[in-house]
Structure formats: structure tokens, C-alpha cells
Amino acid sequence: MKNGLSEDEIIIRAKNHGVIVNAVSTFWMRLEKYSNNMIMLGFGEISENDIAEGIKILNNAWFT
């Protein structure tokens, strides 16, 4: 993300808006090289309509 938020802030804002996103840092082998501003989105068992709605919600959570 290039909005100035840290991984923790990104996750908390999403959660506060009812959307769960996952940390990337848990998969990073060299944390000293991790930029601390990424997350992972999962789309399993979610309808296309719900995905579109979720992306709108995340946009509001992270960029407004």
C-alpha cells in the first residue's frame, strides 16, 4: 500500500469496517527487508457480488 499505513493499521481499519484481511509479514523470510505496508486478500467462498462490495468497503477504510 502506498497510503502511509502500516500493516497493522491496514488490518485494523479493514476489521473496523467488517472485512478480514491477512498479514503478509508472517510469510516474510527476512523481516528486515519487509516494507510493513502489505496485506493479503483471500477470496475463498465469497460470491463475486460480495467481492465487489468488499473492495468498495476496503477503499473507504483505507483511502477516505
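Our subject in this report is the structure included herewith.

Procedures and definitions
- All residue numbers here refer to positions counted from 1 along the written sequence of the relevant chain.
- In view of the model being predicted, local features appear only for residues whose pLDDT reaches at least 70, and side-chain atom pairs are presented and counted only at 80 or more, with totals across whole chains, interfaces and linings using the full set of residues.
- Excluding hydrogens and water, the side-chain values take into account all heavy atoms of the structure.
- For the purposes of this entry, the term helix denotes a DSSP run of H or I that reaches at least four residues, the term strand denotes a run of E that reaches at least two, and both are numbered from the N terminus.
- A simple rule labels every residue: compare its accessible area, found with a 1.4 Å probe on the protein chains alone, to the largest value its type can have, and call it buried under 20%, exposed over 50%, or partly exposed in between.
- Working rule for contacts: check all heavy atoms of both residues, and any pair within 4.5 Å makes them a contact.
- Accessible surface area values rest on a Shrake-Rupley calculation with a 1.4 Å probe, where residue burial reflects the displayed protein chains alone.
- When charges are counted, Lys and Arg contribute as positive and Asp and Glu as negative, whereas His and the chain ends are disregarded.
- By convention, the point assigned to a charge is CZ for Arg, NZ for Lys, CD for Glu and CG for Asp.
- Axis angles are defined between N-to-C directions and span 0 to 180 degrees, where every axis is a line fitted to C-alpha atoms and, for a helix, only to the segment in contact.
- Any angle that is under 35 degrees is reported as roughly parallel, and any over 145 degrees as roughly antiparallel; angles of 65 to 115 degrees are reported as roughly perpendicular and all others as oblique.
- Take the far helix as the reference: if the near one is turned anticlockwise from it by less than a right angle, the crossing is left-handed, and if turned clockwise, right-handed.
- Three classes are used, and their members are as follows: Ala, Val, Leu, Ile, Met, Phe, Trp, Tyr, Cys and Pro are nonpolar, Asp, Glu, Lys and Arg are charged, and the others, Gly among them, are polar.

Now for the overall build of the protein. From N to C terminus, the protein includes two helices and two strands. When the elements of the protein are put in sequence order from the N terminus, they spell out α-β-β-α. The principal-axis extents of the C-alpha atoms in the protein amount to approximately 40 × 25 × 15 Å. Here the protein, with 64 residues, has 27% of them falling under the buried criterion. In the protein, 50% of the contacts between residues at least 6 apart in sequence involve partners at least 24 apart. Split by element, the accessible area of the protein, about 4900 Å² in all, is 54% carbon and sulfur. Side-chain charges of the protein comprise 6 positive and 8 negative groups, with the mean position of each set lying 9 Å from the other.

All right, on to unusual backbone geometry then. For asparagine 36, which is not glycine, the phi torsion reads 60° and is therefore positive. Judged by relative accessible area, which is 36%, asparagine 36 ranks as partly exposed. Residues other than glycine seldom take positive phi values, yet glutamate 45 does so here, at roughly 60°. Among the secondary structure elements, glutamate 45 is positioned in the loop between strand 2 (39-40) and helix 2 (48-63).

As a packed pair, helix 1 (residues 7-16) and helix 2 sit with axes 9 Å apart at the nearest point and diverge in direction by 125°. When the axis of helix 1 is compared with that of helix 2, the two are oblique. The handedness of the crossing between helix 1 and helix 2 is right-handed. Every residue of helix 2 that contacts helix 1 at Ile10, Arg13 and Ala14 is listed here: Leu58, Ala61 and Trp62. The class makeup of the residues in the contact of helix 1 with helix 2 is five nonpolar, no polar and one charged.

Turning to the environment of asparagine 59, a few remarks are in order. Looking at where asparagine 59 falls in the secondary structure, it is placed in helix 2. For asparagine 59, a relative accessible area of 39% translates into the label partly exposed. Residues asparagine 59 and arginine 13, spaced 46 residues apart in sequence, show a C-alpha to C-alpha distance of 10 Å.

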